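# Residue-level structure breakdown
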Amino acid sequence: EPRSPRPATESPPRTPTMPHSFGTRGRTRDMFSRPFRQRGLIKLSTYLTTYKVGDYVDIKVNPAQVKGLPFKHYHGRTGVIYNITKRAVGVRIAKQVNGRIINKHLNVRVEHVVPSKCRNELISRVHENEALKSKARESGEKVNLKRQPTAPKDGFVINIAEPPETIQPIPFSDLV
């Protein structure tokens, strides 16, 4: 018996598609996962770290604490602390929006913040320069404190006891 045609009210069958996946934590499977053998409870040192206004911090989301979580765009960004509360810190981050740079102010829990090492090199260089300056004042010499680009390596000559053997390719011969 032939099938009757479909009624006009019934919609055509849809092709299966993936569901909507544009949430606030969308595409963060690897970004928000803890490193190997660092899962579980959050270390106490995270809570005992002291932060001061003006400190540089890196935002590194810790998925073990869902509260006070910054948006995924700010993960891995460096900012300056401008406010401190009981459990959180206020971080000022520069964000590029189209052609301009906007200062964004985030309130982030301390679990999602790590002291930044971005100024370590500068601070160590300042200490070295101050020591060089004080030494130069005592001796009365002039000292160049500017950073110099790395110079090319010095040339050298290799001395060989016996002359090198020159190797020639064997001419092709058909052995068949």
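Preceding this paragraph is the structure being described.
Thresholds applied
Residues numbered from 1 in each chain as written. Predicted model: local features only at pLDDT ≥ 70, side-chain atom pairs only at ≥ 80, totals over all residues. Heavy atoms only, no water. Helix = DSSP H or I, 4+ residues; strand = E, 2+ residues; numbered from the N terminus. Rg over C-alpha atoms; globule rule 2.2 N^0.38 Å. Buried < 20%, exposed > 50% of the residue type's maximum accessible area, 1.4 Å probe, protein only. Contact = heavy atoms within 4.5 Å. Areas by Shrake-Rupley, 256 points an atom, 1.4 Å probe, with all protein chains shown as cover. Patch = residues over 30% accessible without salt bridge, like charges linked within 9 Å, V, L, I, M, F, W, Y side chains within 5 Å. Salt bridge = Lys/Arg side-chain N within 4 Å of Asp/Glu carboxyl O. Pairing = 2+ DSSP bridges. Axes fitted to C-alpha atoms, helices over the stretch in contact; angles between N-to-C directions.

Take the overall build of the chain next. Within the chain, the secondary structure is distributed over two helices and five strands. Its C-alpha atoms give the chain a radius of gyration of 32 Å, more than 25% over the compact-globule value 16 Å for 176 residues. Across its three principal axes, the chain shows a C-alpha extent of roughly 100 × 85 × 40 Å. Relative to its full complement of 176 residues, the chain shows a buried share of 18%. For the chain, the share of sequence-separated contacts (at least 6 apart) that also reach a separation of at least 24 residues comes to 53%. For the chain, the computed accessible surface area is about 15,800 Å², with 55% contributed by carbon and sulfur atoms.

Once that is clear, we can look at a nonpolar patch on the surface. Together, Leu44, Tyr47 and Leu48 line one region of the surface with nonpolar side chains, adding up to about 360 Å² of accessible area. Looking at where Tyr47 falls in the secondary structure, it is placed in helix H1 (residues 44-48). Residue Tyr47 is classed as partly exposed on the basis of its relative accessible area of 40%.

We now examine the pattern of salt bridges. The tally for this structure, following the rule as stated, stands at three salt bridges. In this structure, Arg109 and Glu111 form a salt bridge, with 3.5 Å as the shortest nitrogen-oxygen distance. Residues Arg109 and Glu111 agree in their burial class; the two are buried. Residues Glu130 and Lys133 are paired through a salt bridge, measuring 3.4 Å at the closest nitrogen-oxygen approach. Remark: Lys133 and Glu130 occur in helix H2 (residues 120-139); sequence separation between them is three residues, near one turn of the helix. By relative accessible area, Glu130 is classed as partly exposed at 40%.

The next point concerns unusual backbone geometry. The phi dihedral of Arg27 is positive, around 60°, even though this residue is not glycine. Summarising the element assignment, Arg27 is placed in the segment before H1. The backbone of Asn98 sits at a positive phi, close to 55°, despite the residue not being glycine. Among the secondary structure elements, Asn98 is positioned in the loop between strand S3 (88-97) and strand S4 (100-109).

Once that is clear, we can look at the sheet that holds S3. Strand order in this open sheet of five strands is S4-S3-S2-S1-S5, and the pairing throughout is antiparallel. A single partner strand is all that each edge strand has here, and the edge strands are S4 and strand S5 (113-115). With direction set aside, neighbouring strand axes in the sheet form an average angle of 45°. Here S3 runs beside S4; their pairing, made up of ten bridges, is antiparallel. Residue pairing across strands places Gly90 opposite Asn107, the latter belonging to S4.

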